[in-house]
Amino acid sequence: MEVKVLDFNGKDTGRKVQLSDSVFAIEPNNHAVYLDVKQYLANQRQGTHKAKERAEVAGSTRKIKKQKGTGTARAGSAKNPLFKGGGTVFGPRPRSYSFKLNKNLKRLARKSALSLKVKESSLIVLEDFTFEAPNTKNFINVLKALGLDNKKSLFVLGDANKNVYLSSRNLKAAKVVTSSEISTYAVLNASSLVVLEGALASIEENLSK
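Remember, it's a predicted structure, so these values are computed and weren't measured experimentally. (Residues numbered from 1 in each chain as written. Predicted model: local features only at pLDDT ≥ 70, side-chain atom pairs only at ≥ 80, totals over all residues. Heavy atoms only, no water.)

A.B. asks: Honestly, the pairing of strand E5 (residues 174-178) in this entry has me stumped. Any pointers?
C.D. replies: In regular strands, side chains alternate between the two faces of the sheet. In terms of burial, E5 is a largely internal element, four of the five residues being buried. When strand E4 (residues 153-157) meets E5, the two strands line up parallel, connected through five bridges. Of the residues in E5, the one forming a bridge with Val156 is Val177. As for the winding sense of the linkage, the β-α-β connection from E4 through helix H5 (residues 162-168) to E5 is right-handed. (Buried < 20%, exposed > 50% of the residue type's maximum accessible area, 1.4 Å probe, protein only. Helix = DSSP H or I, 4+ residues; strand = E, 2+ residues; numbered from the N terminus. Pairing = 2+ DSSP bridges. Right-handed = clockwise from strand over helix to strand, strands pointing away.)

Written out as structure tokens, the structure is:
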């Protein structure tokens, strides 16, 4: 599959790159995508929630009223979950929500996400560029040139570029990652995927194993 290469002004460079069909043109596996996104979101959860149960609530253990003769139900403690201020029954406890997925499934999910972007014509291949210094205005100009200034976008770099990353950091709708940091969730969460020319070889190498 051939895709034209644009420069950072949004103009056609006249060159085309060959995308690997085994990475960018597979039949998407929806279940693999679902599991990978589910794992990503689960890993974002802190799991620090906690409610005090009956044994942990502060209060007296004295029997609050006599057993019989009151005309109401028997009660042995003010910590009873039925009373206001009592403990919580089976309340949440700190836990980890993470779970394991094998590497082949995660690789399939990422390839499926990339293939979906190609099918939706939401993949842009951009020639490598950099900035002399961090400058958000310059990055905004790149977004405008590509028609992405009002859309969520994910830029994938071949190698870490501090100036490009810092230039995008203040923009909520734009995210910059390297080819080794790419995730299924990030690809699907973006309206447009912008892959720099130098990142293609690394992506195909990582996902073709």
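Continuing now.
A.B. asks: Before we go on, may I ask you to explain helix H3 (residues 103-119) in this structure?
C.D. replies: Spacing of three or four residues puts side chains on the same side of an α-helix, whose turn is 3.6 residues. For H3, with 17 residues, the first-to-last C-alpha span of 24 Å sits near the 24 Å given by 1.5 Å per residue. In this structure Asn102 caps H3, since a side-chain oxygen of it lies 3.2 Å from the backbone nitrogen of Asn104. Positive phi appears at Ser121, one or two residues downstream of H3, with a value of about 60 degrees. (Expected span 1.5 Å × (residues − 1). Polar contact = N/O pair within 3.5 Å; in protein donor to acceptor, adjacent residues only side chain to side chain.)

A.B. asks: Got a minute to help me understand the packing of H3 against helix H7 (residues 197-207) in this structure?
C.D. replies: For any two helices packed against each other, the geometry is given by the interaxial angle and the distance between the axes. Packing of H3 against H7 brings their axes to within 10 Å, and their N-to-C directions diverge by 140 degrees. On the basis of their axis angle, the class for H3 and H7 is oblique. The residues of H7 that touch H3, namely those facing Arg107, Arg110, Lys111 and Leu114, are Ile203, Asn206 and Leu207. Its residues placed into classes, the contact of H3 with H7 shows three nonpolar, one polar and three charged. (Axes fitted to C-alpha atoms, helices over the stretch in contact; angles between N-to-C directions. Parallel < 35°, antiparallel > 145°, perpendicular 65-115°, else oblique. Contact = heavy atoms within 4.5 Å. Nonpolar A, V, L, I, M, F, W, Y, C, P; charged D, E, K, R; others polar.)

A.B. asks: So what exactly am I meant to see when it comes to the pattern of salt bridges here?
C.D. replies: Two side chains that carry opposite charge are able to pair once their charged atoms sit near each other. According to the stated counting rule, one finds seven salt bridges in the structure shown. Among the salt bridges present, the one from Glu197 reaches Arg15, with a minimum N-O distance of 2.6 Å. With Glu197 in helix H7 and Arg15 in strand E2 (residues 12-18), the pair connects residues that are 182 residues apart, well separated along the chain. Glu197 sits in the partly exposed class, given a relative accessible area of 24%. (Salt bridge = Lys/Arg side-chain N within 4 Å of Asp/Glu carboxyl O.)

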